[in-house]
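So the chains spell out like this:
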Amino acid sequence: KTELSLTQNISQIRSKIMASTEGFAAVFYSEPSVLGLLANVISAFLVCLQNFSSAQSNVQPEGVENILAGVHLILIGGLSQLLAGLLTFRKYDHLGGTAFLAFAGLWSSYGATRIISEAYVLPGNVTVGLSNVSVPASLDTSCFSTREGAVAGLVAYIFISFILSFCSATVNYIMPFVFGAITLTLVFEAVGLFAQWALVVSGTLELAIVIGGLYGAIALLFKGITQRYVLPGFGNPLFNVLLLGSASRSSSKNVREEKKNTKYAEPMALGNLCDSISSFIFSFYCFGYMCNFYVGAVWVSINSIGQILSSYYGYLRGDVYYTTKSGVHSLFWLVMSWEEFTLMVFIQSNNVQLSRAGMVGDWFFLATACVILLMSFNRDILEVVHNSLFVLLTVSTIPQIPLRGGYIFWGVACSIYTATSLYATFASLVNSVAEKALIPIGAQVMSSSKLQKALMSTQSCLPKLGGKPNLRPSDAPNALFYICNGLAAFSALQGTLNDPIRQHLSIPTVLIPGAIFQLYVCRIQVQRGRRFGSVLPFCYAAVWATWTWLRFAGNLLNIDPRNDGGFTAGAVAFLVVNIFLMILASYSNLVLLSLTAVMEVLIVCFLLFTLESLPVPLEIVMLTIFSILCIYGAAASLANCIFGKELILMGPSLLRVRDVLLELCISVRSAGITSILKLARKSIMSRLTPNPACYSFPA
């Protein structure tokens, strides 16, 4: 009992120290909306000048002029507004943070489109969308194709801007004017890509953005200096947000209430917003309105950064569910977009269906989507419906579906998912601003206790292992770690070593989750006192990057199998490093230990490949076992972290590190325990590690 009491007291002291070092309250931060508004003003003014110049001279900007304009839009409208959005999230401004990050993606994507239009050459005879398109590689066709891709993104942002302008009317007078002008500007910018007269209207609306944005920035600047509203426009909404919920209060009675976290703004609306944009662009592509996916891949990739930020702020708020959901959705859109990009750039053959039929990585996405759907059953109906449609979306991307029918199925699924995500974005924004469920989102599907009982029923099917589970807040990103490695391993399954088309198509499905996205997992595992930090995901990111480099991109990079001795040495180094990772995993749980053990065998397979003596069946079996362990570990980690208890068994740790203070307390009396506790409290408060050898204890 004394040992347990000491442990609890030390844990409480540490938690207080961590809470005190997380930062000031939101009210102590300055007003970052000034930076966001000025970024919109400068970007709109730049495009306005170009539109008026093009309308007067009938000459479109091209060459260096267009590239420089794109760079300015990315730096000012993109990066500057990205910084404003991050600061606004810390300010606990739900609407401002979501709007600035959304428009940062808009200006960055629009600037990237201008750069691509000058540097892009369309290849001939590629199979995309619904038909076999044969296009000559000419500059005019290239520009037309680039404009087609930009229209899909602009139309998607038109809906988003309209939602943001309506929601901002519940906050102040200035934002609805600015966001409404942006909405109309996007309409005429999309028309102006094909009709010259629309550029004049668009330029006029962009002047309105400049005027309204400047006034709003000045008003907020005076407010920050004087700590009161000097100029009118802020502080009073156009209408009370509570008026939106007069008819929906009865439908929200059964929605579960959670304790509000006021440290950071809610990122749920940002995640739904990014889902809307990506799915809308893909629906345009699948129905054949875009003859290539060059621009679409860039728009979706930039938009996925916002979804990664949504996952990150979910982690900072301690919300494991939204951390995992937004991360998986961002990973899905990145993989799908660059898989289509690879299909267009590197695959010159029209007969890709046979090679695509052997790819199984999308099945892991389906399993992951089902896990997220299961973990959302204790939430509202809208959340469950949204996750169900994401399951349908993953089904539509399975490559075993015939190419023509698959694109139609995928387009229909994207269209339905877009409509649902737009409504979820609107509901999330309004409910976050009002801090209550005003927009109908449905009742709670299942109580948390029933869901926990259902998950605990799986323990009867598994052998009971001794040991006490060690659940910590730092375990929140474990689900994403398992998902990234499982998806990379399942996508790396190759039935043969002589299919270059399948190898090229596997590059994004292995490289993005296994190497690139796992670096994000490394970033979030550094925080909150995790024992081994980001060692494990960083090392495995290096493994999957090397695997992709040699196994799938070797033909593209002209790597001679007889001259890959450097990869052989690297495989030996990975074998040695992974032995130490197995020792580290022994301090965690049995699932992670088994995962590292299977990875050791996979590295052996990689070594045998460099020696040209790989038994392919062994590699297939090991990759399958590795993927099964990952999907089980993802489900168990997500369930256990959401509910704070071990509902799905992960197994005990084989090795344990006991606190030095506890070892000493066993051999002394209660008076000595009190002295140690006082010294420990002083040491922790001064952020010093206590040295027991320097202490003298009473007899």
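Draft legend 1. Geometry of the overall build of the protein chain. Assigned secondary structure in the protein chain consists of 23 helices and two strands. Across the protein chain, contacts joining residues at least 24 apart in sequence account for 79% of those joining residues at least 6 apart. Accessible area for the protein chain stands at about 29400 Å²; split by element, carbon and sulfur atoms hold 67% of it.

Draft legend 2. Layout of the packing of aromatic side chains. If you walk through the whole model with that rule in mind, you get 32 aromatic pairs. An aromatic cluster is present here, built from F282, Y285, F293, F332, W333, F365, F390, Y407, W410 and Y417 joined pairwise through their rings. The lysine or arginine in question, R90, covers the ring of Y264, its NZ or CZ lying 5.1 Å from the ring centre.

Draft legend 3. Representation of unusual backbone geometry. A positive phi angle, near 60°, is found at E435, a position not held by glycine. Among the secondary structure elements, E435 is positioned in the loop between helix 14 (403–434) and helix 15 (448–456). Backbone geometry at E612 places phi at a positive 60°, although glycine is not the residue there. The topology assignment puts E612 in the loop between helix 20 (590–610) and helix 21 (616–643). Overall, E612 belongs to the exposed group, its relative accessible area being 55%.

Draft legend 4. Region of the structure containing helix 18 (residues 535–552). Spanning 18 residues, helix 18 covers 25 Å between terminal C-alpha atoms, matching the ideal 26 Å at 1.5 Å per step. Among the 18 residues that make up helix 18, 13 are buried, leaving the element largely enclosed by the rest of the structure.

Draft legend 5. Up close: the packing of helix 8 (residues 268–286) against helix 9 (residues 294–316). Packing of helix 8 against helix 9 leaves a shortest axis separation of 8 Å and a crossing angle of 165°. Between helix 8 and helix 9, the angle falls in the class roughly antiparallel. Judged by the twist between their axes, the crossing of helix 8 over helix 9 is left-handed. Residues L270, G271, C274, D275, I277, S278, I281 and F282 of helix 8 form the contact with helix 9, whose participating residues are G296, W299, V300, N303, G306, Q307 and S310.

Draft legend 6. Spatial organisation of the state of the cysteines. Scanning the model with the defined rule gives zero disulfides in all. C522 supplies the cysteine sulfur nearest to C484, a cysteine that is in no disulfide, at a spacing of 9.3 Å. The thiol of C630 is unpaired, and the distance to the nearest cysteine sulfur, on C484, comes to 9.6 Å.

Draft legend 7. Focus on the environment of S491. With respect to the helices, strands and loops of the structure, S491 is situated in helix 16 (residues 478–491). Since its relative accessible area comes to 6%, S491 is described here as buried. Placed 133 residues apart in sequence, S491 and T624 show a C-alpha to C-alpha distance of 10.0 Å. Polar side-chain contacts of S491 include one of 3.5 Å to the backbone oxygen of T509.

Draft legend 8. Expanded view of the packing of helix 10 (residues 320–345) against helix 13 (residues 381–396). Contact geometry for helix 10 and helix 13: axes closest at 13 Å, N-to-C directions at 30°. Considering the angle they form, helix 10 stands roughly parallel to helix 13. You can see that helix 10 and helix 13 cross each other, and the crossing is left-handed. Facing helix 10, whose interface residues are Y321, Y322, K325, V328, H329, F332 and W333, helix 13 presents E383, H386, N387, F390, L393 and T394. Residue classes in the contact of helix 10 with helix 13 are distributed as seven nonpolar, four polar and two charged.

Draft legend 9. View of the nonpolar core. By size, the foremost hydrophobic cluster in this structure holds 179 residues, and its most contacted members are L164, F293, L331, L393, Y482, W544 and F626. Looking at this core, the element that brings in the most residues is helix 10, giving 13 residues.

Here is what the cut-offs are and how they apply
- Throughout this description, residue numbers start from 1 for each chain and increase along the sequence as written.
- It should be noted that, the model being predicted, local features are given only for residues of pLDDT at least 70 and side-chain atom pairs only at 80 or more, the latter also being counted only at that level, while totals for whole chains, interfaces and linings use all residues.
- Note that the side-chain values use all heavy atoms of the structure and ignore hydrogens as well as water.
- Secondary structure is summarised from DSSP: a helix means a run of H or I of at least four residues, a strand means a run of E of at least two, and numbering begins at the N terminus for each.
- Contacts are assigned to residue pairs with any non-hydrogen atoms lying within 4.5 Å of each other.
- Values of accessible area rely on a 1.4 Å probe in the Shrake-Rupley scheme; residue burial ignores everything except the protein chains shown.
- Side-chain rings of Phe, Tyr and Trp (the six-membered ring for Trp) are treated as a pair once their centres are within 6.5 Å; stacked means planes under 30 degrees apart, edge-to-face means over 60, and tilted covers the remaining angles.
- Placement of a charge over a ring requires the Lys NZ or Arg CZ to be within 6 Å of the ring centre, with the centre-to-atom vector within 35 degrees of the ring normal.
- The cut-offs for exposure are 20% and 50% of the maximum accessible area for each residue type, with area from a 1.4 Å probe on protein chains only; residues under the lower value are buried, those over the upper are exposed, and the others partly exposed.
- Between the first and last residue of a helix there are one fewer steps than residues, each counted as 1.5 Å, and that sum is the expected span.
- Angles run from 0 to 180 degrees between N-to-C directions of axes, and those axes are lines fitted to C-alpha atoms, restricted for helices to the stretch in contact.
- Roughly parallel means an angle under 35 degrees; roughly antiparallel, over 145; roughly perpendicular, 65 to 115; everything else is oblique.
- Whether a crossing is left-handed or right-handed is set by the direction in which the near helix is turned from the far one by less than a right angle, anticlockwise for left-handed and clockwise for right-handed.
- The disulfide definition used here is simple: a pair of cysteine sulfur atoms within 2.5 Å.
- Any pair of nitrogen or oxygen atoms within 3.5 Å is treated as a polar contact; in protein, a donor-acceptor pairing is required on top of that, and neighbouring residues in sequence qualify only through side-chain atoms on both sides.
- For this classification, Asp, Glu, Lys and Arg are treated as charged, while Ala, Val, Leu, Ile, Met, Phe, Trp, Tyr, Cys and Pro are nonpolar and the rest, including Gly, are polar.
- In this description, a nonpolar core means a group of buried Ala, Val, Leu, Ile, Met, Phe, Trp, Tyr and Cys residues linked to one another through side-chain atoms lying within 4.5 Å.

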